[in-house]
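A structural walkthrough
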There are 2 protein chains.
Amino acid sequence: MALGVAMLTVAVAAAMAGGGPRPALMPWPSSIEMGAGELVVGPAFRIALTGRGGGIVERAARRLEARLARQTGLVLPSPLAPAGEPALEVRCDGPGKPLPHLGMDEGYTLTVTPEGAVLQAAEPWGVLRGMETFLQLVVPGSSTAFRAPAVVIRDEPRFPWRGLMLDSSRHFMPLDAVKRTLDGMAAVKLDVFHWHLTDDQGFRVESRRYPGLHRMGSDGLFYTQEQVKDVIAYAADRGIRVVPEFDIPGHTTSWLVSHPELAAMPGPYQIERRWGIMDPALDPSKEEVYRLLDGFLGEMAALFPDPFLHIGGDEVNGKHWDASERVTAFKKQEDLKDNHDLQAYFNQRVSKIVRGHRKQMMGWDEVLHPGLPKDTVIHSWRGQESLGAAAKQGFRGILSNGYYIDLVWSADRHYLTDPWDKGVDQLPEADRARILGGEATMWSEFTSPETVDSRIWPRTAAIAERLWSPRALRDLDDMYVRLEATSRWLEWTSLDHRAGYTRMLQRLAGPRYRELRRLADVVEPLENYQRGDTGDYTQQTPLVRLVDAARPESDAARGFSRLVEAMLADPARQAGREGVRARLQEWQGLEASLRPLLEERALLWEAVPLAAEASALAAAGLEALGFLEQGTAAPASWWAERAQLLDGPKKPEHALEVAFRPAVRRLMEAARSSEPLSQ
Amino acid sequence: MALGVAMLTVAVAAAMAGGGPRPALMPWPSSIEMGAGELVVGPAFRIALTGRGGGIVERAARRLEARLARQTGLVLPSPLAPAGEPALEVRCDGPGKPLPHLGMDEGYTLTVTPEGAVLQAAEPWGVLRGMETFLQLVVPGSSTAFRAPAVVIRDEPRFPWRGLMLDSSRHFMPLDAVKRTLDGMAAVKLDVFHWHLTDDQGFRVESRRYPGLHRMGSDGLFYTQEQVKDVIAYAADRGIRVVPEFDIPGHTTSWLVSHPELAAMPGPYQIERRWGIMDPALDPSKEEVYRLLDGFLGEMAALFPDPFLHIGGDEVNGKHWDASERVTAFKKQEDLKDNHDLQAYFNQRVSKIVRGHRKQMMGWDEVLHPGLPKDTVIHSWRGQESLGAAAKQGFRGILSNGYYIDLVWSADRHYLTDPWDKGVDQLPEADRARILGGEATMWSEFTSPETVDSRIWPRTAAIAERLWSPRALRDLDDMYVRLEATSRWLEWTSLDHRAGYTRMLQRLAGPRYRELRRLADVVEPLENYQRGDTGDYTQQTPLVRLVDAARPESDAARGFSRLVEAMLADPARQAGREGVRARLQEWQGLEASLRPLLEERALLWEAVPLAAEASALAAAGLEALGFLEQGTAAPASWWAERAQLLDGPKKPEHALEVAFRPAVRRLMEAARSSEPLSQ
């Protein structure tokens, strides 16, 4: 096929030559050149595979057809497609290694012209990434067809390790939730599924060698080895590695239910139901601990083909070690001056075991110790400085600090976190190259199989872009436009993050869920781990409240903030003022209109004070708007009376906050400013 | 467990003694008595199986836990459930026959008290039905639990044959769509899945004896025999029989692709892509036709365990028979005076083949002929008279006329159709008993796997109630309240009929889908088969337009009609007048506010005149309201000018109609009435 568009590598953000709107790609490619015209994607759509891609590419082509059919409503594969020119030709140079691996070649070139599209890649991994880009390009066109704009994209990732960690222990995630997650990961070009399989609250993988571990440590909620193999194959087909984590020596209560003899303190132990850092730990002085770990990790090393094995190693509080005479004596005997040294001893023993099974060990910051072999990978929850220090010592590392999606931050905050921040970009090239990428972490204290999609998506797409795309990309407005489109596009996979919102509101409010939505649209879950302070949570607490339905980030509140900023930036304070007023007026009415519903439904009682807060804040915002309109500074007495609203309630039992509070603060602060306003 | 509530059989609609709101059950049970208090459904929820239900009951209990977990967010089965009193005890007297069958005992008694619930049934089929009732009873309660009201329900179906026909030929329905459909059927207590597997447009079942049939007749879109067995087992676990249909001698183009020698006219044949009644037909004069049918139907008789086998038999236009010299000669030779006689001859031959494989034959009205064996079941698309006539001749029958859900009627119209209407209730008891029930029919010319859920649900729940519940039930307001709750509840199964609406609007309008929704909420697809007149449809036409997203029935328009009727019933014409005005004002603005979006998106161009119609109708409605307020009759000139709006457009290419048109007509007719109004 003759290419009508010259291929040019161009700078990132300014890349949009040619006509047509900017396509909503995420992650944004490293190079993109818009051409003229568009490719029609209609009932005659056909894919042709050329080159030597093998089974992964063939299966990917079938999935692409099925997803394109879902996205467009076309009947694909079409029995009527002509035998001639294919709409999409996929040229893969060779099959590469059979499994995805660190450093695999994920580069591809995608050329779309009105005559057809060509996706070219050296290996199947690049084909997989390019197919997602192609799907993102296809948008509604004429009344019987869809279209993709003419474009030349040359793309490759910035970092080789772009992961998502899923905690299947605290809340067990059924197989279909795991597969949905993998579908979403593949869609945004993530390539490592870090599977947190054991913790105090559940031992989630079948061990044939030590069956007590999963039988007594999981309430029957675990993955069989066949299911694990199924997940690995499913992930591999999508170019995603699976790195398992078995968190030791802390976070091991669920192990100790069947094996109390491994613990520092005598049992019996029960599966932990609460959240937090627990006291139980393996006893590093016991040889039987290492014998079992050798057996169990050996079994897992054979089950999981990836060369990396994560041993956790975080958050050992040392209480049981300190309480044990045996451990105390052991420390003395081995000349280990504190628990940090003791854990280093433990890690070195475990490191030898892991090496013995031909795996490279990985652990959280706490495992870092100069004595460890240099192929150990440090997984940093502490931050870039910690990662930089490890890199200088010769260790490879990945970043998760800043990517903790369970903290329910807004997407922009994750997006602006870069593995090279905080001086890492000043490191010598050789050291910096040891920083392999990062991982979003989905801890599941407050996430159930029902809510996991909305907790991961769409925000993780922004992290995926940070790890794939050029570092210079930092335009938040542009990011949010593409994130919204990507969020909608992700629902054409099996993900449920948007539809689930409505369903959960329907559970809470029955036929009146649209009324409730007016409130739900402008609230956000409390950030960080504040929710844990608002109630007595355990593994059995239903996660069906308004806070569980609410999205991590309120689009309405973000839009309102933009409006307020634009208005305040206008010297006359008029730009968009009526829009600001209309929203505040609507929100001022929330309490009065919602109170009957909230009081009728017991699950919503807790939202009564929340609606009251929202209405009071909106009222204060309207007052501030009035002062701004008059061009007079608000009196100090008014500020004194209203300012407490800005702090939020002291004990928000509903675990939610009013998302437009910061924008009202801006309005109120502008209103009390003594600066004269130009009208 | 001691039952705190006396059991009483009470009249249906007046059944609500005791406190609390009427539970949103559908189908409504034959007897219900509300008690005092409620059962808490919380983290300690546990099911106990007593009696001898066997595997079907055990698997149903696991599914009930999983669905209750989804419905409530509870972690079930709960590892913390106490060993004592179960929340739900399921007592099944015996396992019954291994497979669901015509006339199976589906009765059950469900007793809920604050201390616990007991579900009692003689056979697993009753347990399955009662479990759905239990799930429908569970609604949100206090902030950490759900609740079921105290109640005694004794229930059993009115008709033994309550079916849904799914056309998998015109649009192939993938396995997951079939299973979702079965989940929904089980939820509303339907018990027959009639699987329309072959038609002109596709031969959808694997034949190992004649593999050309599915290989050349299906574009590769067919069910393997393993998949068919999987569906049968899935259905059986839900108390649903699977009755396959192989439509002959017409509707057979897809057979003739591989077997042109069976046709009345020489081939070659290709899979039909268009809709309508086609000319090709099997040639009744050829012995090889009966040989193949004997082989194929024998194979299918072994694959499908149900004793009924549907041979279609509808819509043979006879053109190819008339054109064939061989057929003409055969008719003469066999003394068959017309094509009706010829088809009767064919049916008698087929009937012998079906009997030879120990099945009872079933066919559409056209097969009815006195010479057929009396165990033949007549499936009536013609109506109750036809069914009654067959019953008088000794044939059993089921009704589908009035239950054609592909005609996109409103639910009430289906609901008010009763198999005993049009004189059937006057038949002698013995004749009437031959009318076994009915089936909703989901023909799939205009239904894809993406839209099938919204075309079947929730309206089919109203038909399910008609076939299960006492005949006296006819309160439409009450039905619609329960239908709305049932629709939301059905989304806790895997069905997608509500979420899919939003997703389809998002495809059409991108980030501005909520604007589009304002229009989509007040339009309905054209009823009956008018859509086919609005475009050149084939099997390959994408079904992704506004008409595909739009719901068969507009709740907003129905609510508006109620408002208008209430206002007009008020002598002062004031009741609810402001509500009427507010809605009309909103709709009047549709065109102006939506035009930029509609013109920007090519897939929405066709909706521009639709929005204009809606706005013009709303404007006319506001004018009518003005006359009504003034208490003066509208001038004839006004009526003459506006009346054409009430006819709708001559050629609605968008295949949609404005759903509030009838209510505007009511307003306009009231406004022109010369009758003086009391103000």
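The paragraphs below set out a description of the structure included in this document. Model, not experiment: these values are computed from the prediction. (Residues numbered from 1 in each chain as written. Chains lettered and ligands numbered in written order. Predicted model: local features only at pLDDT ≥ 70, side-chain atom pairs only at ≥ 80, totals over all residues. Heavy atoms only, no water.)

1. Here's the deal with the overall build of chain A
Helix and strand counts for chain A stand at 25 helices and 18 strands. Relative to the 2.2 N^0.38 estimate, which gives 26 Å for 679 residues, the radius of gyration of chain A is 27 Å and therefore close to what a compact globule would have. The C-alpha extent of chain A, read off along each of the three principal axes, is 80 × 75 × 55 Å. Long-range pairs, those at least 24 residues apart, make up 76% of the contacts in chain A with a sequence separation of at least 6. Summing over all exposed atoms, chain A offers an accessible surface of approximately 23800 Å²; the carbon and sulfur share of this is 53%. In chain A, the 80 positive side-chain charges and the 92 negative ones have mean positions that sit 2 Å from each other. (Helix = DSSP H or I, 4+ residues; strand = E, 2+ residues; numbered from the N terminus. Rg over C-alpha atoms; globule rule 2.2 N^0.38 Å. Contact = heavy atoms within 4.5 Å. Areas by Shrake-Rupley, 256 points an atom, 1.4 Å probe, with all protein chains shown as cover. Lys, Arg positive; Asp, Glu negative; His and termini not counted. Charge placed at Lys NZ, Arg CZ, Asp CG, Glu CD.)

2. Things to note about the relation of the copies chain A and chain B
When chain A is fitted onto chain B, the two copies agree to an RMSD of 0.0 Å after a turn of 180° and an axial shift of 0.0 Å. Given the turn and translation reported, the copies of this chain are related as if by a two-fold rotation axis. Closest to the rotation axis within chain A is the C-alpha of Ala 499 of chain A, separated from it by 2.7 Å. Comparing interface residues between copies, 100% of those in chain A also sit at the interface in chain B, which points to an isologous, same-surface contact. (Least-squares fit on C-alpha atoms with pLDDT ≥ 70 in both.)

3. Re the pattern of salt bridges
In total, this model carries 128 salt bridges over all chains according to the counting rule given. We note a salt bridge from Asp 496 of chain B to Arg 503 of chain B, for which the minimum N-O separation is 2.7 Å. Note on Asp 496 of chain B: relative accessible area 22%, which makes it partly exposed. Arg 503 of chain B gets classed as buried once you look at its relative accessible area, which sits at 6%. Shared partners join several salt bridges into a network, and the residues in it are Arg 158, Asp 418, Asp 421, Asp 425, Arg 466 and Arg 471 of chain A. (Salt bridge = Lys/Arg side-chain N within 4 Å of Asp/Glu carboxyl O. Buried < 20%, exposed > 50% of the residue type's maximum accessible area, 1.4 Å probe, protein only.)

4. Comments concerning the nonpolar core
The biggest cluster of nonpolar side chains holds 195 residues, and the ones touching the most others in it are Phe 296 of chain A together with Phe 660 of chain B. With 12 residues, the top contributor of residues to this core is helix H23 (residues 608-630) of chain B. Apart from the residues lying within four places of it in its own chain, the contact partners of Phe 296 of chain A are Phe 203, Val 205, Ser 207, Tyr 210, Leu 213, Phe 246 and Trp 255 of chain A. Ranked by size, the runner-up nonpolar core spans 194 residues in total, among them Ala 550, Leu 610 and Phe 660 of chain A together with Ala 117 of chain B. (Core = buried A, V, L, I, M, F, W, Y, C linked by side-chain atoms within 4.5 Å.)

5. Notes on the packing of helix H22 (residues 590-600) of chain A against helix H23 (residues 608-630) of chain A
Residues and elements named next belong to chain A. Where H22 meets H23, the closest approach of the two axes is 9 Å, and the angle between their N-to-C directions is 175°. Comparing their axes, H23 and H22 come out roughly antiparallel. From H22, Leu 590, Glu 591, Arg 595, Leu 598 and Glu 599 reach across to H23, where they touch Val 608, Ala 611, Ala 612, Ala 614 and Ser 615. Classifying every residue of the contact of H22 with H23 gives six nonpolar, one polar and three charged. (Axes fitted to C-alpha atoms, helices over the stretch in contact; angles between N-to-C directions. Parallel < 35°, antiparallel > 145°, perpendicular 65-115°, else oblique. Nonpolar A, V, L, I, M, F, W, Y, C, P; charged D, E, K, R; others polar.)

6. Regarding the interface of chain A and chain B
The partner chain B presents 44 residues to the 44 residues of chain A that form the contact. Across the contact surface, chain A and chain B share four salt bridges. Taken together, the connections running from chain A to chain B amount to 10 residue pairs in polar contact (both at pLDDT 80 or more). Broken down by secondary-structure element, the contributors of at least two residues to the side of chain A that touches chain B are helix H1 (55-72), helix H16 (476-490), helix H17 (499-509) and helix H18 (513-520) of chain A. (Polar contact = N/O pair within 3.5 Å; in protein donor to acceptor, adjacent residues only side chain to side chain.)

7. Notes on helix H5 (residues 225-237) of chain A
Side chains that are three or four residues apart share a direction in an α-helix, a result of its 3.6 residues per turn. Residues and elements named next belong to chain A. For H5, spanning 13 residues, the distance from its first C-alpha to its last is 18 Å, which sits close to the expected 18 Å at 1.5 Å a residue. Of all the residues in H5, the buried ones are Gln 225, Val 228, Val 231, Ile 232, Tyr 234, Ala 235, Ala 236 and Asp 237. Taken together, the buried residues of H5 touch H1, helix H2 (124-137), helix H3 (175-187), strand S9 (192-199), strand S11 (241-246) and helix H7 (287-303). Looking one or two places after H5, you find Gly 239, whose phi comes out positive at around 70°. (Expected span 1.5 Å × (residues − 1).)

8. Concerning the side chain of Glu 206 of chain A
All names here are of chain A. Turning to its location among the elements, Glu 206 is positioned in the loop between strand S10 (202-203) and helix H4 (212-217). In this structure the side chain of Glu 206 is engaged in a polar contact, spanning 2.7 Å, whose partner is the backbone nitrogen of Gln 225. When near neighbours in sequence (up to four residues on either side) are disregarded, Glu 206 contacts His 214, Phe 222, Tyr 223, Thr 224, Gln 225, Glu 299 and Met 300.

9. Observations regarding the packing of aromatic side chains
Residues and elements named next belong to chain B. Applying the stated criterion across every chain yields a total of 40 aromatic pairs over all chains. The interplanar angle of 70° and the centroid separation of 5.1 Å between the aromatic rings of Phe 627 and Trp 638 together place this pair among those described as edge-to-face. Of this pair, Phe 627 sits in helix H23 while Trp 638 sits in helix H24 (residues 636-642), and the two are 11 residues apart along the sequence. The buried category is assigned to Phe 627, whose relative accessible area is 17%. (Phe/Tyr/Trp six-rings, centres within 6.5 Å; stacked < 30°, edge-to-face > 60°.)

10. Examining the pairing of S9 of chain A
Residue and element names in this part refer to chain A. Burial analysis of S9 places eight of its eight residues in the buried class, which makes it a mostly covered element. Pairing geometry for strand S8 (residues 161-167) and S9, over five bridges, is parallel. For Asp 167, the partnering residue across the bridge sits in S9 and is His 196. In this fold, S8 hands off to H3, which returns the chain to S9; that crossover is right-handed. (Pairing = 2+ DSSP bridges. Right-handed = clockwise from strand over helix to strand, strands pointing away.)

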